[in-house]
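Analysis of the macromolecular model
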Amino acid sequence: MADESYIQLAIEIAKKGEGSVSPNPLVGCVIVKNNRIIGAGYHQKYGEDHAEINAINSSSESLEGSTLYVNLEPCSHYGKTPPCVERIIKEKIKRVVIGTLDINPLVSGNGVKALKKAGVEVKVGVLEKECIELNKFFFRYITTKLPYITLKAAQTLDGLIADFNNRSDWISSSESRKYVHWLRSRYDAVLIGFETAKKDNPKLTVRLTEGRSPYRVVLDSNLSLKSDLNLFNHNSDNKTIVIASEQSRSKIKKINQLKKSGVTLLFAKSDNDGRLKLKSVIKELSDLQIISVLVEGGSKIYSSFIKQNLFDDIYLFVSPKILGSGLKTFSEIGSKKLSDALKLSIRNSQKLGDDILIELVK
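Just so it is clear, the model here is predicted, and its values are computed rather than measured.

**Looking at the overall build of the protein chain**
Helix and strand content of the protein chain: 12 helices and 16 strands. For 362 residues, the compact-globule formula gives about 21 Å, and the C-alpha radius of gyration of the protein chain, at 23 Å, lands near that figure. In terms of its C-alpha atoms, the protein chain occupies a principal-axis envelope of roughly 70 × 45 × 40 Å. Here the protein chain, with 362 residues, has 51% of them falling under the buried criterion. Taking all contacts inside the protein chain whose residues are at least 6 apart in sequence as the whole, residues at least 24 apart take part in 72%. Looking at the protein chain as shown, the accessible area adds up to about 17,700 Å², and 48% of this sits on carbon and sulfur atoms.

Here it is, written out as structure tokens:
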């Protein structure tokens, strides 16, 4: 097998850690000797051994003279675990092939330098694009200190997310809904606005597939949502987060009521119209080491993220239905000329049941 094939295998192994390692990156590792795979592992849980250590420990024979393949540069600093490069050098591994460098300032080429200094042959940049895509959440967080933001919406062919009576059950197919639950399990948090919480009363948990449920974030500027919502009554994991305006700190009774339900309260800045400033909102989430957010509604929230250029991509589930009237997906964009329209690129598309999922990027 060529170097590319082993790095591709490392990428696939790394994906086993999705939903468990954040805010750390996804890392997989394969060790090869005499054209045989003698060790493999991945970073399984935040705070535990890294992929390289798990791969080394999985081998029952000497690693001297072997080649280690890893999708991300091995660490060279002490954190929650010792440096991986020290163990690689100790095991007398001859060659290390790396998908992409780690842009974390604590690593950022230092792992490669340490390996080369010890006489280890190093190759960097194998399937680099794929390796960067795998850890797009991590790279966004490291470079901007803000989470990766994905807007997710299910709409009809004519661009509506609800009918004239604000009903949206169910625009998308069962296959699309299952895919959304899979998406939720990959993101650190799911975010909705006040109107969506009030009208749809969602649970925002992972139920239709395996995987851990994300944090559930609701924007409630004035702390006026009723306490009988699913977000509050089904919070045994204490993962519901309410973000309110700074002015709402005075509502002590409501705050105490929410805290008794295990809800985490965060306070963000608001604009002159009383709307929460989204940059302040996502900064609060970032401070909790939430590095990826799936925005699930509603229309005003989608529009605000787009107008403020605070999103990275859009997952649009398009159902072959035509309503004619109802709530537009992006109701408040406000472009009056075609030349002012937001221009996006299609990264990928696929059929899910009767729907088409379109992945869009800026």
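**Some remarks on the sheet that holds strand 15 (residues 345–352)**
Here we have 9 strands laid out as an open sheet, ordered 11-10-9-8-12-6-13-16-15, and mixed in their pairing. A single partner strand is all that each edge strand has here, and the edge strands are strand 11 (264–268) and strand 15. Between one strand axis and the next, the sheet turns through 20° on average, direction left out of account. Bridging between strand 8 (residues 189–192) and strand 12 (residues 292–295) involves 3 bridges; their strand directions are parallel. Counterpart to alanine 189 in the pairing with strand 12 is valine 293. With respect to the sheet, helix 11 (residues 278–287) is in contact with strand 6 (148–156), strand 8, strand 9 (215–219), strand 10 (240–245), strand 11 and strand 12, its orientation differing from that of strand 11 by roughly 140°. Against the sheet, helix 12 (residues 299–307) engages strand 6, strand 8, strand 9, strand 12 and strand 13 (313–319), with an angle of about 135° to strand 6.

**Re the layout of surface pockets**
Which parts of space are left empty comes out when a probe the size of a water molecule is rolled across the atoms. By volume, the second largest pocket is sized at about 920 Å³. The wall of the second largest pocket is formed by 39 residues, among which Glu18, Glu133, Leu134, Asn135 and Lys136 lie closest to the centre. Elements supplying a minimum of two residues to the lining of the second largest pocket: helix 1 (3–14), helix 5 (128–134), helix 6 (136–144), helix 7 (174–186) and strand 15. If one sorts the elements of the lining of the second largest pocket by residue count, helix 6 sits on top with 6 residues.

**Describing the packing of aromatic side chains**
Applying the stated criterion across every chain, the model contains 7 aromatic pairs. Among the aromatic residues, those joined into a cluster by ring pairs are Phe137, Tyr148 and Tyr187. Over the aromatic face of tyrosine 215 sits the side chain of lysine 239, whose NZ or CZ is 5.2 Å from the ring centroid. Note that lysine 362 overlies the ring of phenylalanine 311, its terminal NZ or CZ placed 4.7 Å from the centroid.

**Focus: the pattern of salt bridges**
Taken as a whole, this structure holds 20 salt bridges when the rule is applied. Between arginine 186 and glutamate 18 there is a salt bridge, with its nearest N and O atoms 2.8 Å apart. Separated by 168 residues along the polypeptide, arginine 186 in helix 7 and glutamate 18 in the loop between helix 1 and strand 1 (28–33) bring together distant segments of the chain. For arginine 186, a relative accessible area of 23% gives the class partly exposed. Arginine 347 is the partner of glutamate 359 in a salt bridge, and the nearest nitrogen-oxygen pair spans 3.3 Å.

So, how was this worked out
- Residues numbered from 1 in each chain as written.
- Predicted model: local features only at pLDDT ≥ 70, side-chain atom pairs only at ≥ 80, totals over all residues.
- Heavy atoms only, no water.
- Helix = DSSP H or I, 4+ residues; strand = E, 2+ residues; numbered from the N terminus.
- Rg over C-alpha atoms; globule rule 2.2 N^0.38 Å.
- Buried < 20%, exposed > 50% of the residue type's maximum accessible area, 1.4 Å probe, protein only.
- Contact = heavy atoms within 4.5 Å.
- Areas by Shrake-Rupley, 256 points an atom, 1.4 Å probe, with all protein chains shown as cover.
- Pairing = 2+ DSSP bridges.
- Axes fitted to C-alpha atoms, helices over the stretch in contact; angles between N-to-C directions.
- 1 Å grid on protein atoms, 1.4 Å probe; cavity = no way out; pocket = protein on both sides within 12 Å on 5 of 7 lines; lining within 4 Å.
- Points joined across faces, edges and corners; volume = space filled by probe spheres on them.
- Phe/Tyr/Trp six-rings, centres within 6.5 Å; stacked < 30°, edge-to-face > 60°.
- Lys NZ or Arg CZ within 6 Å of the ring centre and 35° of its normal.
- Salt bridge = Lys/Arg side-chain N within 4 Å of Asp/Glu carboxyl O.

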